[in-house]
Amino acid sequence: MMEWTDRHCRHFHRLLTRHARLYTVMITSGALRHGDVPKHLDFDHDGEQPVALQLGGSEPDELALAARLGAQWGYDEINLNCGCPSERVQKGAFGACLMNEPRTVADGVKAMRDAVDIPVTVKHRIGVDRTESYDFVRDFVGTVSEAGCEVFIVHARNAWLQGLSPKENREIPPLRYEVVHRLKRDFPQLTIVINGGLVGLDAIEAQLPHVDGAMIGRDAYHHPWGMASWDACFFGDAHPVPEREAVEAQMVRYMEAQQAAGVPWAHVARHMLGLWNGEPGARRWRQVWSDHRLKAESPATVARLADEARRAARPTLTMEATP
Ligand SMILES: Cc1cc2nc3c(=O)[nH]c(=O)nc-3n(C[C@H](O)[C@H](O)[C@H](O)COP(=O)(O)O)c2cc1C
């Protein structure tokens, strides 16, 4: 999620789930052609995989070049963004407006598939603007799948290309999960992953009879601890769920290593501020980790202060003496 997640965030999330697939933010094919490729693509091969590189773009040769770079860098999947409604992206003629041009998307998918051996997948909406016709998204998926795309991640809302900010476009167009379910029924051979507005384990579980998987964005970011039960619930992996303290300790070690490489610890810590959400003392703990006055301290010191603050804020149980 642009401006929210990065490789440090993925490192954190990978401590919570070994199996869920993580995605980069959208990186444009133009940025990879003309920009600082290591800055955009470097990731931690021991601490993030499986991880997919999401691309934005529409020009087949440029997408193929970007996909090739992604495969060389060790990504496990290339995903093409056909869901972003931002004005900047519309000006570049990619993102959600590509849903109006399924043939262009098919050409891009084909070019990328010819260039790499890893899966090429597409993330899209269920429609653009006020078109609520199911045929629109069905034909989009049909055309793109003919070019060899076998996995579609479907944000179950339209993208309204005029008049809404990207944030509003994640909230205002109504969620229509039944459209995604229908896609799965109509294309049983494809992998259809549902996305949009899913909050908590029960919401994911309720979707799984209808689709092949779920992608979780904001809830995973804000309530990361929810991911700690995914491996057991969804991937049949019964390894013991880590304790929050243990995850925090691993993050402290990671922050120390990053700091030695020149990354201020606060750039890493910002992603884990939701770790204790819902628990007593979470707010105090978060305040310490986000306190800029502490930025000269070591991560270990900040962790100790945060821990003390969290414990001090816990309600204390008192036993009344019985007469
Ligand atoms: C800050 C932010 C940035 C996002 N950036 C991207 C992006 O780069 N690529 C993408 O496909 N979706 C992006 N999204 C959309 C999410 O991936 C997801 O489709 C959307 O938030 C709905 O899912 P959710 O309700 O689980 O969050 C972003 C969402 C947010 C909140």
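Here the residue numbers are simple positions, counted from 1 along each chain's written sequence. Residues qualify for local features only when their pLDDT is at least 70, as the model is predicted, and side-chain atom pairs are given and counted only at 80 or more; totals for whole chains, interfaces and linings, by contrast, use all residues.

Enquirer: Pulling in residues and values, what's your account of helix α8 (residues 177-186)?
Expert: Exposure criterion: with C-beta atoms placed from backbone coordinates, a residue whose C-beta has 20 or more other C-beta atoms within 10 Å is buried, one with 12 or fewer is exposed, and one in between is partly exposed. Labels follow the DSSP assignment, with helices taken as runs of H or I lasting at least four residues and strands as runs of E lasting at least two, numbered in each case from the N terminus. All of the buried residues along α8 are V179, V180 and L183. Across the axial projection of α8, the buried residues extend over an arc of 100°, all falling on one side. Among the exposed residues of α8, those oriented more than 90 degrees off its buried face are E178 and R185. By the criterion used throughout, residues are in contact when their C-beta atoms, derived from the backbone, lie within 7 Å. Looking at the packing, one finds that the buried side of α8 touches β4 (120-128), α7 (134-146), β5 (151-159) and β6 (191-195). As used here, the arc belongs to the directions running from the helix axis to the C-beta atoms.

Enquirer: Summarise the packing of helix α6 (residues 102-115) against α7; cite the residues concerned and give the values.
Expert: Comment: axis = line fitted to C-alpha atoms, over the contacting stretch for helices; angle = value between 0 and 180 degrees taken between N-to-C directions. In the contact formed by α6 and α7, the axes pass within 8 Å of each other and the chain directions differ by 25°. In terms of their interaxial angle, α6 and α7 are classed as roughly parallel. Crossing handedness for the pair α6 and α7: right-handed. Residues P102, R103, V105, A106 and V109 of α6 touch α7, and the partners they reach there are D139, F140, T143, V144 and E146. Each residue is assigned to one of three groups, with Ala, Val, Leu, Ile, Met, Phe, Trp, Tyr, Cys and Pro labelled nonpolar, Asp, Glu, Lys and Arg labelled charged, and all others, Gly among them, labelled polar. For the contact of α6 with α7, the residue count by class is six nonpolar, one polar and three charged. Convention used here: angles under 35 degrees read as roughly parallel, angles over 145 as roughly antiparallel, angles from 65 to 115 as roughly perpendicular, and any remaining angle as oblique. In a left-handed crossing the near helix is turned counterclockwise from the far helix by less than a right angle, and in a right-handed crossing that turn is clockwise.

Enquirer: Which residues make up the site of the ligand, and what values go with them?
Expert: Using a C-beta atom placed from the backbone, a residue is described as near a molecule or strand when that atom lies within 6 Å of it. Around the ligand there are 21 residues in total, and M1, M2, M26, G217 and R218 lie nearest to it. For the shell around the ligand, the secondary-structure elements that each account for two or more residues are β1 (22-28) and α10 (218-222). For the shell around the ligand, the per-class residue count stands at eight nonpolar, eight polar and five charged.

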